[in-house]
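Architecture and fold: a report
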Number of protein chains: 2
Amino acid sequence: MEHCDINTTLQDAGLSKTSQRVAVLSALMHTGIPLCVKDILDQIGPDCHVNKVTVYRILDSFKTAGIIREIPTDHGEKFYEMACSHNPLHPHFYCRVCRNLSCLPTAGITEEWLKRFRSGRESVESIVVNLSGVCAGCQTSKK
Amino acid sequence: MEHCDINTTLQDAGLSKTSQRVAVLSALMHTGIPLCVKDILDQIGPDCHVNKVTVYRILDSFKTAGIIREIPTDHGEKFYEMACSHNPLHPHFYCRVCRNLSCLPTAGITEEWLKRFRSGRESVESIVVNLSGVCAGCQTSKK
DNA sequence: AAAAGATTTGCAAATCAGTTGCATATTTAA
DNA sequence: TTAAATATGCAACTGATTTGCAAATCTTTT
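The helix and strand inventory of chain A stands at five helices and five strands. Written out in order from the N terminus, the α and β elements of chain A read α-α-α-α-β-β-β-β-α-β. Counting only C-alpha atoms, chain A reaches 45 × 40 × 25 Å along its principal axes. Out of the 143 residues belonging to chain A, those deemed buried represent 31%. In chain A, the share of contacts with a sequence separation of at least 24, taken over all contacts with a separation of at least 6, comes to 51%.

Shown next as structure tokens:
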């Protein structure tokens, strides 16, 4: 993600460059892990004031443009990450203790694999593979 | 799911048999497709009045007991389905047009496959594999 | 560069799903 | 059946997301 350019990304997505979009985009680009709306707002900070509603709208437009991915957890949270070529589709692990979403190696989600259960008649716009439970770090204090 | 017995399921889960639990459980058992809370309430109908809050609490306890699975879509909806031996873990397809969640063939989600990206140190409590887009039926009227 | 039209943002208020507190009803166990 | 435990219903609350609308910012057209 670090490799991607903000200007190019916005341009290619057909979105005009506004300070708010740049703020949201760089938050997503410069953080390794997927972020939720709250994370994004915290990341942007009070310095570069961006309204919460605006963040929702920006995420919507980014998602529609296909430059970010939305990853819903089975605990009702939604996370966002860049969907550029440097960050190909991969599974995630959600820890219900520390409430962090981490990325798992890409291996396993292949066209080959998808063919196993796709009818081929639907148009697939997104794929989510999510494991959840308790992460290695939280195992000790597991409740 | 049809094959499963309500009494046995509740008993094995260590949950007492109440009319409300039976109502929710049979809604899930006797419907082929995964249901959301609204579907369940509709399914139960005004005849067998069950409070919305109660449905949430029942779903919680069923989920904790491991007799149902929760499937979140990337459109913010949550669906529920039986997790009994007659309905093994499988991927789902969510159509953003008709807003239906359908089941895909099980093939593909195997221990073998999971090993590809699991570190083995986390404890995995649930797995969600979700494709979404536009289903075959909605292709024609695709917007 | 100024004006007009289109797009984006911020704010306040509305909506919606899901939760909590508490009194009542139902179960379970003694 | 009686007491203790558990489950349900209702009303009010929470927190996340959405909507309406006016002000600000961009675009591009003269």
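On we go.
Once that is clear, we can look at the protein's contact with DNA strand C. Near DNA strand C, the surroundings consist of 18 residues, among which Thr18(A), Gln20(A), Asn51(A), Thr54(A) and Ser16(B) are the closest. Those elements giving two or more residues to the surface near DNA strand C turn out to be helix 2 (19-29) and helix 4 (52-65) of chain A together with helix 4 (52-65) of chain B. Looking at the surface near DNA strand C, the element that brings in the most residues is helix 4 of chain A, giving four residues. Taken together, the residues of the surface near DNA strand C break down into seven nonpolar, eight polar and three charged.

Now for the nonpolar core. One finds Val24(A), Leu28(A), Val24(B) and Leu28(B) to be the most contacted residues of the largest nonpolar core, which totals 58 residues. Leaving out residues up to four positions away in the same chain, Leu28(A) has contacts with Leu35(A), Ile68(A), Tyr80(A), Glu81(A) and Met82(A).

Looking now at the packing of helix 2 (residues 19-29) of chain B against helix 3 (residues 37-44) of chain B. Residues and elements named next belong to chain B. Interaxial distance between helix 2 and helix 3 falls to 9 Å at its minimum, and their mutual angle equals 110°. Our classification of the angle between helix 2 and helix 3 gives roughly perpendicular. Facing Ala-23, Val-24 and Ala-27 of helix 2, the residues of helix 3 in contact are Ile-40, Gln-43 and Ile-44.

The next point concerns the protein's contact with DNA strand D. Close contacts around DNA strand D come from 20 residues, with Ser16(A), Thr18(B), Gln20(B), Asn51(B) and Thr54(B) the closest. Mapped onto the surface near DNA strand D, the elements with two or more residues apiece are helix 3 (37-44) and helix 4 of chain A together with helix 2 and helix 4 of chain B. Of the residues forming the surface near DNA strand D, the biggest block, four residues, is contributed by helix 4 of chain B.

On the side of chain B, 31 residues touch chain A, which itself brings 31 residues to the contact. Mapped onto the side of chain A that touches chain B, the elements with two or more residues apiece are strand 1 (68-72) and strand 5 (123-134) of chain A. Tallying contributions element by element places strand 5 of chain A first for the side of chain A that touches chain B, with twelve residues. As defined by bridge partners, strand 5 of chain A adjoins strand 5 (residues 123-134) of chain B across eleven bridges and the pair is classed as antiparallel. Within strand 5 of chain B, the position partnered with Val134(A) by the bridge is Ser123(B).

Turning to the environment of Asn7(B), a few remarks are in order. Residues and elements named next belong to chain B. Position of Asn-7 among the secondary structure elements: in helix 1 (residues 6-12). Exposure remark for Asn-7: the 11 C-beta atoms within 10 Å place this residue in the exposed category. Each C-alpha atom of the pair Asn-7 and Val-22 lies 8.3 Å from the other, and the pair is 15 residues apart in sequence.

Conventions and cut-offs
- Residues numbered from 1 in each chain as written.
- Chains lettered and ligands numbered in written order.
- Predicted model: local features only at pLDDT ≥ 70, side-chain atom pairs only at ≥ 80, totals over all residues.
- Helix = DSSP H or I, 4+ residues; strand = E, 2+ residues; numbered from the N terminus.
- Buried ≥ 20, exposed ≤ 12 C-beta atoms within 10 Å, placed from the backbone.
- Contact = placed C-beta atoms within 7 Å.
- Near = placed C-beta within 6 Å.
- Nonpolar A, V, L, I, M, F, W, Y, C, P; charged D, E, K, R; others polar.
- Core = buried A, V, L, I, M, F, W, Y, C linked by C-beta atoms within 7 Å.
- Axes fitted to C-alpha atoms, helices over the stretch in contact; angles between N-to-C directions.
- Parallel < 35°, antiparallel > 145°, perpendicular 65-115°, else oblique.
- Pairing = 2+ DSSP bridges.

Everything listed is a geometric property; what it means functionally is a separate question.
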